[in-house]
Each structure stands twice: as C-alpha cells, then as structure tokens.
Amino acid sequence: MVIFYADKFTDGMKKTIDETNRRRKIQIEYNTAHNITPRTILKNIFESMVPQEVLAAAGLEGEVTPENSPKRSRHLKRKCMTPRSTWTLK
C-alpha cells in the first residue's frame, strides 16, 4: 500500500496508480489460476542487516533464531567493539 501526499492529483500519479492496478489484477488472476496463496516473507532482520563475513568473523555464521539472537547480538556487539586485529578468523 502506498499513500500519496499531494496538493493535486497529477497525470503521473494517475498513470502510476493505473499501472499498479493493472499489474495487481494480472497477479491475482495468475495466483487464482495456479492455486497460489500469497504469503508474507519471513526473514530474520538481524541476518539481513549484518554482512555474512562479519557474522563469520565473529563465529556467528548460520541461522540466527529469535531464541538465540539476543545472546548472539551481544556477542557480535562485543566482537565489533574489539580491534579487528585481535579477531581470530575460523
């Protein structure tokens, strides 16, 4: 969903909204024809925000779950606060 803020409704806005609605209709028809139910992407934010090489250098590679992410976050923060020269790469 997008919220437009403007003093007047322009041709560009109308074209954008019309194109979005056209594409949405095509996608809904395709999903219906192929029995697809759209789902929200479930992705761990922590992993997407921290480069994998940083996680690997901190010994935290692999999946970070909600159960272990606070512990790993503290460990990663401590690791990042220490000089890189003291890191041991695995």
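Not measured: the values here are computed from a predicted model.

Participant: How should I be thinking about the overall build of the chain in this particular structure?
Facilitator: When its secondary structure is counted, the chain shows 4 helices and 0 strands. Order of helices (α) and strands (β) in the chain, N terminus to C terminus: α-α-α-α. Counting over 90 residues, the chain shows a buried share of 14%. Pairs at least 24 residues apart make up 21% of the contacts formed inside the chain by residues separated by at least 6 positions.

Participant: Hey, could you run me through unusual backbone geometry in this one?
Facilitator: Leaving glycine out, the prevailing phi sign among residues is negative, and the prevailing peptide bond configuration is trans. Look at Asn35: it is not a glycine, yet its phi comes out positive at around 55°. Along the chain, Asn35 falls in the loop between α1 (11-33) and α2 (45-49). By relative accessible area, Asn35 is classed as exposed at 71%.

Participant: Sorry if this is basic, but what is going on with the pattern of salt bridges here?
Facilitator: Pairing of side chains with opposite charge becomes possible as their charged atoms draw close. Applying the stated rule across the entire model yields 4 salt bridges. With a closest N to O distance of 2.7 Å, Asp18 and Lys14 form a salt bridge. Separated by 4 residues within a single helix, Asp18 and Lys14 lie in helix α1, roughly one turn from each other. Under the relative-accessibility criterion, Lys14 is labelled partly exposed at 41%. A salt bridge links Glu19 to Arg23, with the nearest nitrogen and oxygen atoms 2.8 Å apart. With a gap of 4 residues between them, Glu19 and Arg23 both fall in helix α1, about one helical turn apart. Residue Glu19 is classed as partly exposed on the basis of its relative accessible area, which comes to 29%. Via salt bridges that share partners, Glu19, Arg22 and Arg23 belong to a single interconnected network.

Participant: I tried to follow α1 on my own but got confused; where do I start?
Facilitator: Since there are 3.6 residues in each turn of an α-helix, residues three or four apart along the chain are aligned in direction. Helix length check: α1, at 23 residues, gives a terminal C-alpha distance of 33 Å against a target of 33 Å (1.5 Å per residue), a fit within 8%. One or two steps after α1, the chain reaches Asn35, where phi turns positive at roughly 55°.

Participant: Even after reading the chapter, I still don't get a nonpolar patch on the surface, so can you show me in this structure?
Facilitator: Together, Met1, Ile3 and Tyr5 line one region of the surface with nonpolar side chains, adding up to about 530 Å² of accessible area. Along the chain, Tyr5 turns up in the segment before α1.

Participant: Hey, could you run me through the environment of Val2 in this one?
Facilitator: Position of Val2 relative to the elements: it lies in the segment before α1. Sequence separation between Val2 and Ile17 is 15 residues; the distance between their C-alpha atoms is 9.6 Å.

Participant: Before we go on, may I ask you to explain the confidence of the model for the chain in this structure?
Facilitator: Detailed reading of the predicted model is not advised wherever pLDDT is low. When pLDDT is averaged along the chain, the result is 75; 54% of the residues meet or exceed 70. Taken element by element, the chain is modelled with least confidence in helix α4 (residues 69-81), mean pLDDT 58, and with most confidence in α1, mean pLDDT 95.

Procedures and definitions
- Sequence order as written defines the numbering, with residues in each chain counted from 1.
- In keeping with the model being predicted, local features are shown solely for residues with a pLDDT of at least 70 and side-chain atom pairs are shown and tallied solely at 80 or more, while totals for entire chains, interfaces and linings include all residues.
- The basis for every side-chain value is the complete set of non-hydrogen atoms in the structure, without hydrogens or water.
- Every helix listed is a DSSP run of H or I at least four residues long, and every strand listed is a run of E at least two residues long, numbered separately from the N terminus.
- With a 1.4 Å probe rolled over the protein chains alone, any residue whose accessible area is under 20% of its type maximum counts as buried; one over 50% counts as exposed, and the rest are partly exposed.
- The contact definition used throughout considers only heavy atoms, calling two residues in contact when any of these lie within 4.5 Å.
- Throughout this description, the term salt bridge denotes a Lys or Arg side-chain nitrogen within 4 Å of a carboxyl oxygen of Asp or Glu.
- Working rule for helices: expected span equals 1.5 Å times residues minus one.
- For patches, a residue must show more than 30% relative accessible area and have no salt bridge; joins then use 9 Å for like charges and 5 Å for nonpolar side chains, namely Val, Leu, Ile, Met, Phe, Trp and Tyr.
- Computed with the Shrake-Rupley method and a 1.4 Å probe, the accessible areas treat only the protein chains shown as cover for residues.
- What pLDDT conveys is the predictor's confidence in a given residue, as a value from 0 to 100.

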